[in-house]
Amino acid sequence: MPYNEALTNAAQAFETYKITTPAQRAQLLRSIAEAIEALGNELLETASRESNLPLTRLTGERGRTCNQLRLFADLVEEGSWVEATIDTALPDRQPLPRPDLRRMLVPLGPVVVFGASNFPLAFSTAGGDTASALAAGCTVVYKEHPGHPQTSQLVHKAIAQAIRANGLPEGVFQHVSGGVEAGQELVKHLATKAVAFTGSYKGGKAIFDLAMQREVPIPVYAEMGSTNPVFILPERIKENTEQLARQAAASVLLGAGQFCTCPGLFFIPESEVTPHFIAALEEELTNATPANMLHDGIAGNYYKGLEKLLQAEGVQALVHQEADVLEGRAALASTSAAHWLQNPALQEEVFGPFTLVVRYSNAAELISAAKALQGQLTCTLWGSDQEHELQQKLTDVLRDKCGRLLYSGVPTGVEVSHAMTHGGPFPATTDSRSTSVGTYAIKRFARPVTFQSAPQALLPAELRDENRSGLWRTINGKLSQASL
Ligand code: NAP
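Residues numbered from 1 in each chain as written. Predicted model: local features only at pLDDT ≥ 70, side-chain atom pairs only at ≥ 80, totals over all residues. Heavy atoms only, no water.

**Points about the domain arrangement of the protein**
One can read the domain layout of the protein as domain 1 (3–224 + 432–479) and domain 2 (230–406). One C-alpha centre belongs to domain 1, the other to domain 2, and the line joining them spans 35 Å. Across the boundary between the two partners, domain 1 contributes 10 residues, which contact 12 residues of domain 2. Between domain 1 and domain 2, a total of about 840 Å² is buried, with carbon and sulfur atoms accounting for 58% of that surface. (Domains from an automatic or database assignment. Contact = heavy atoms within 4.5 Å. Buried area = accessible area lost by both parts, 1.4 Å probe.)

**So, the packing of helix 4 (residues 55–78) against helix 5 (residues 128–136)**
Running from N to C, helix 4 and helix 5 cross one another at 20 degrees; their axes reach a closest spacing of 10 Å. For the element pair helix 4 / helix 5, the angle class is roughly parallel. Crossing hand, helix 4 versus helix 5: right-handed. Contacts between helix 4 and helix 5 involve Gln 68, Leu 69, Phe 72 and Val 76 from the first element and Gly 128, Ala 131, Ser 132 and Ala 135 from the second. (Axes fitted to C-alpha atoms, helices over the stretch in contact; angles between N-to-C directions. Helix = DSSP H or I, 4+ residues; strand = E, 2+ residues; numbered from the N terminus. Parallel < 35°, antiparallel > 145°, perpendicular 65-115°, else oblique. Left-handed = near helix turned anticlockwise from the far one by under 90°.)

**Some words on the pattern of salt bridges**
A full pass over the atoms with the stated rule returns 21 salt bridges. Glu 77 serves as the salt-bridge partner of Arg 30, at 2.9 Å between the closest nitrogen and oxygen. A residue pair is termed long-range when its members are at least 10 positions apart, and Arg 30 in helix 2 (residues 22–38) and Glu 77 in helix 4 qualify at 47 residues. The closest approach of N and O atoms between Glu 389 and Lys 393, which form a salt bridge, is 3.7 Å. In this pair, Glu 389 and Lys 393 both sit in helix 14 (residues 388–398), four residues apart, roughly one turn of the helix. Under the relative-accessibility criterion, Glu 389 is labelled exposed at 58%. Owing to a relative accessible area of 42%, Lys 393 belongs among the partly exposed residues under this scheme. Each of Arg 30, Asp 74 and Glu 77 takes part in one network of salt bridges that share partners. (Salt bridge = Lys/Arg side-chain N within 4 Å of Asp/Glu carboxyl O. Buried < 20%, exposed > 50% of the residue type's maximum accessible area, 1.4 Å probe, protein only.)

**Remarks on the nonpolar core**
Among the nonpolar cores identified, the biggest contains 98 residues, and Leu 356 and Leu 394 are the most heavily contacted of them. When we break this core down by domain, the ones giving at least three residues each are domain 1 (3–224 + 432–479) and domain 2 (230–406). Contacts of Leu 394, omitting those with residues within four sequence positions, involve Phe 231, Leu 233, Leu 366, Ile 367, Ala 370 and Leu 381. (Core = buried A, V, L, I, M, F, W, Y, C linked by side-chain atoms within 4.5 Å.)

**With respect to the pairing of strand 9 (residues 265–269)**
Of all the five residues making up strand 9, five are buried; the element is thus mostly covered by neighbouring parts of the structure. Residues Leu 265, Phe 267 and Pro 269 line one face of strand 9 and the alternating positions Phe 266 and Ile 268 line the opposite face, and both faces are buried. By the bridge criterion, two bridges tie strand 8 (residues 230–232) to strand 9 in an arrangement that is parallel. Its bridge partner lying in strand 9, Phe 231 is registered against Phe 267. (Pairing = 2+ DSSP bridges.)

**Some words on the sheet that holds strand 6 (residues 194–198)**
Strand order in the open sheet formed by five strands is 5-4-3-6-7, with parallel pairing between adjacent strands. The open sheet terminates on both sides in strands that have one partner only, identified here as strand 5 (173–176) and strand 7 (220–223). The mean inter-strand angle of the sheet, taken between neighbouring strand axes irrespective of direction, is 15 degrees. Sheet analysis places strand 3 (residues 111–114) next to strand 6, joined by four bridges and oriented parallel. Looking at strand 6, one finds that Val 113 is bridged to Ala 196. Together, strand 3, strand 4 (140–143), strand 5 and strand 6 form the strand contacts of helix 5, whose direction differs from that of strand 4 by roughly 170 degrees.

**Focus on the pairing of strand 4**
Here strand 4 shows no split at all, with Val 140 and Tyr 142 on one side and Val 141 and Lys 143 on the other all buried. Across four bridges, strand 3 lies against strand 4 in parallel orientation. Counterpart to Val 111 in the pairing with strand 4 is Val 140. Pairing geometry for strand 4 and strand 5, over four bridges, is parallel. Among the inter-strand pairings, Val 140 is bridged to a residue of strand 5, identified as Phe 173. Crossover connection from strand 4 via helix 6 (residues 149–165) to parallel strand 5: handedness right-handed. (Right-handed = clockwise from strand over helix to strand, strands pointing away.)

**Topic: helix 5**
Across the nine residues that make up helix 5, a large majority, nine, are buried. Turning to helix 5, its buried residues number three or more, namely Gly 128, Asp 129, Thr 130, Ala 131, Ser 132, Ala 133, Leu 134, Ala 135 and Ala 136. Directly beyond the C-terminal end of helix 5, a positive phi value near 105 degrees is found at Gly 137.

**Some details on the sheet that holds strand 17 (residues 446–452)**
On the basis of which strands lie adjacent, the open sheet formed by five strands has the order 17-2-1-18-19 and mixed pairing. In this open sheet, the two strands that pair with only one neighbour each are strand 17 and strand 19 (478–480). For this sheet, the mean inter-axis angle between neighbouring strands, taken without regard to orientation, is 30 degrees. Across three bridges, strand 1 (residues 85–87) lies against strand 2 (residues 101–107) in antiparallel orientation.

**Here we look at the layout of surface pockets**
In this approach the atoms are scanned with a rolling probe the size of a water molecule, which exposes any empty space left behind. Taken as a whole, the second largest pocket encloses approximately 460 Å³ of empty space. Lining the second largest pocket are 23 residues, with Lys 18, Ile 19, Met 104, Val 106 and Pro 107 positioned closest to its centre. Going through the elements one at a time, helix 2, strand 2 and strand 17 are the ones with two or more residues in the lining of the second largest pocket. In terms of residue count, the dominant contributor to the lining of the second largest pocket is strand 2 (four residues). (1 Å grid on protein atoms, 1.4 Å probe; cavity = no way out; pocket = protein on both sides within 12 Å on 5 of 7 lines; lining within 4 Å. Points joined across faces, edges and corners; volume = space filled by probe spheres on them.)

**Examining the packing of aromatic side chains**
According to the stated counting rule, one finds 10 aromatic pairs in the structure shown. Residues Tyr 221 and Phe 445 carry aromatic rings whose centres are separated by 6.0 Å and whose planes lie at 90 degrees to one another, so their mutual orientation is edge-to-face. With Tyr 221 in strand 7 and Phe 445 in the loop between strand 16 (402–406) and strand 17, the pair connects residues that are 224 residues apart, well separated along the chain. On the accessibility criterion, Phe 445 (0% relative accessible area) is buried. Within the aromatic cluster, the residues linked to one another by ring pairs are Phe 119, Phe 123 and Phe 259. (Phe/Tyr/Trp six-rings, centres within 6.5 Å; stacked < 30°, edge-to-face > 60°.)

Structure (structure tokens):
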């Protein structure tokens, strides 16, 4: 569908959709999940053919996609995400009376969503961005990802069917194909009120810059990736060294390294156990069976990024295999913290099964490295109980650098839940105040509006005196489920 028609339809449909009840929106989200499940194996086989991802992985991703839609349905039905807040009038207040003020979050309008190549289901057509925008009451114009067009069309069919079954206008969800130019026209269109994007730094930043040049600027929530550093402390690396290395390797290799949370940096101490850790990591990466990457463009970018990094001063290749047109062959390199600190290019993401080991000589150097980090989706801190003080110092630095700070486990595997933050300071994203995974993502597509001295009949149900559904609201500064 042409971009202009799509946005005109989305703007028209918004007039109807924005005033649907939470129950209607929850029903739509659940119907989309059911319609996706009803696509059966055809969806999984198509996605596997287009993305080279195995059926097992895609089965899990479909489950995640549908659970995500249902989680947003529950959130909308529960209702408190709108942050209903009431300050009752104080007519006798001196020197001036206070008017009755009632605030809640309302949807922004049509949202343009750019899906990701590495998650053809969970971060694409009916992925987290679409689910959270529809949950908020926004209509969606989805820009198809050229890496999985048929998968996208199938999911579009399911969404359209769910929209029809719920008696809603077709323009609630529009599907647009076309290259960079189509995407740019969608971002520039006057009807667009926000953009959500997952992909490369180059693409996300270009879209952000374009949106800022509009006569009417709009928010752009671009998730652009990260090197997801793991900090291993001197005492911790002594405990089960080989096992730690195996855990590290499994996270680097997962999905041929095509996760935005793939750990691309390991800071390890110079100590007597360092060679054992590196040798175990080397062994795991050398013996890994390579998987095909999403497409030859991604494989090409992987080997190009890798070669550039391996040519940097002070970097030694430890595992370096011949490049392939499609296979993502694992790679490992090592450098010193001193070299890493001197060369900001060593912070660039190499999207694929690669990691760079950075050896530090003391705690001060490790803290300097943490301070020099650019914004990340995740940082991971592996320390032992005896290293509380250093862990605290690093925590104080790292919490300003990332959206999620882990103290055990690996950053790959992002839970879809209420407390999740999948975001982080630039360049991980263009807006560190939000997340693209989990229910908090809904806040990206809403804005506060205050109704002052409004008649009851004109107020949204959430802000009326009578609180029939027992919604949690803040009344004169206190949380309450009461009616007024
Ligand atoms: P991409 O190149 O950023 O493309 C993502 C979407 O944005 C596509 O629909 C693309 O459109 C559109 N786009 C890109 N540049 C644009 C621009 N200047 N203006 C308007 N639209 C634009 O990402 P990708 O295709 O998924 O993968 C390419 C590279 O991105 C990978 O090799 C990898 O390095 C990185 N990546 C990172 C992550 C992460 O989470 N960190 C995830 C996926 C990919 P068209 O392609 O249709 O033109």
